[in-house]
Amino acid sequence: MLWLGSACVFAALAHLFYTDSISIYVLVAFIFGIAIVVGTLSGYSQCGGTEDERMRKIAAFSMMNSWASGVSLMSTLLVLTYFSWGHTLSGIRVISLTIMLLLVTFYGWYVYYSFKGDVE
């Protein structure tokens, strides 16, 4: 379910980014995807048992590293914008890029820790 919700979110964010406008259908798809993603992740955090404890740690560390990576990358974008080393983005594009960046870094860390097997 996590990947289905993520696909809805990424499709909605890509549409928002490229069209630079919001429609009710895209907003509904985004909210639906976010509800699935948040519901699935909160299910991971409330699991019981030893095998689920590993998944809880992987999800928690992935979220923590996603936040740190996302803030670092967004700070880099802010510095690049200050020095005019790119073009200025609209508010819709900044928000969709930020959410997409946080989700991509979360999944990157999640896949990394899943293949690694555990969090040290």
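The structure this text deals with has already been given above.
Residues numbered from 1 in each chain as written. Predicted model: local features only at pLDDT ≥ 70, side-chain atom pairs only at ≥ 80, totals over all residues. Heavy atoms only, no water.

## So, helix H1 (residues 2-19)
Here is the rule we go by: Helix and strand assignments follow DSSP, with helices taken as H or I runs no shorter than four residues and strands as E runs no shorter than two, numbered in order from the N terminus. Here, expected helix span is obtained from the residue count minus one, scaled by 1.5 Å. Buried residues are those whose accessible area, probed at 1.4 Å on protein chains only, stays under 20% of the maximum for their type, while exposed residues exceed 50% and partly exposed ones sit between those limits. For this quantity, the arc is that covered by the directions from the helix axis to the C-beta atoms.
When the terminal C-alpha atoms of H1 are compared, their 26 Å separation across 18 residues agrees well with the 26 Å that a helix rising 1.5 Å per residue should span. Residues of H1 that are buried: Leu2, Gly5, Ser6, Val9, Ala12, Leu13 and Leu16. In an axial view of H1, the angular spread of the buried residues amounts to 135°, which keeps them on one side of the axis. One or two steps after H1, the chain reaches Asp20, where phi turns positive at roughly 60°.

## Some words on the nonpolar core
Rule in force here: Grouping buried Ala, Val, Leu, Ile, Met, Phe, Trp, Tyr and Cys residues that are joined through side-chain atoms within 4.5 Å yields what is termed a nonpolar core. Should any heavy atoms of two residues lie within 4.5 Å, those residues are considered in contact.
Formed by 17 residues in total, the largest nonpolar core has its most connected members in Ile58 and Tyr107. Of all the secondary-structure elements, those providing two or more residues to this core are H1, helix H2 (24-45), helix H3 (50-82) and helix H4 (91-116). With sequence-adjacent residues up to four places away left out, Tyr107 is seen in contact with Leu2, Trp3, Ser6, Phe10 and Val37.

## Observations regarding the packing of aromatic side chains
Cut-off, in case you're wondering: A pair of Phe, Tyr and Trp rings is counted when the ring centres sit within 6.5 Å of each other, with Trp represented by its six-membered ring. The angle between the planes then sorts it: under 30 degrees is stacked, over 60 is edge-to-face, the rest tilted. Only when the NZ of Lys or the CZ of Arg is both within 6 Å of the ring centre and within 35 degrees of the ring normal is a charge said to sit over the ring.
Counted under the stated rule, the structure contains ten aromatic pairs. Here the aromatic rings of Tyr82 and Phe83 are separated by 5.0 Å at their centres, their planes lie at 80°, and the arrangement is edge-to-face. Judged by its relative accessible area of 66%, Tyr82 falls in the exposed class. The partly exposed category is assigned to Phe83, whose relative accessible area is 44%. Among the aromatic residues, those joined into a cluster by ring pairs are Trp3, Phe10, Phe106, Tyr107 and Tyr110. It is Arg93 that lies over the ring of Phe17; its NZ or CZ is 5.5 Å from the centre.

## Focus: a nonpolar patch on the surface
Selection criterion: Each patch is built from residues that are more than 30% exposed by relative accessible area and take part in no salt bridge. Like charges join if they lie within 9 Å; nonpolar side chains (Val, Leu, Ile, Met, Phe, Trp, Tyr) join within 5 Å. Note on areas: Shrake-Rupley with a 1.4 Å probe; residue coverage comes only from the protein chains shown. Salt bridges are defined by distance alone: a side-chain nitrogen of Lys or Arg within 4 Å of a carboxyl oxygen of Asp or Glu.
Among the surface-exposed residues, Ile22, Ile24, Tyr25, Leu27, Val28 and Ile31 lie close enough to one another that they form a single nonpolar patch of about 660 Å² accessible area. Tracing the backbone through its elements, the reader meets Ile31 in helix H2.

## Structural notes on the side chain of Ser96
On the secondary structure map, Ser96 appears in helix H4. Apart from the residues lying within four places of it in its own chain, the contact partners of Ser96 are Leu13, Leu16 and Phe17.

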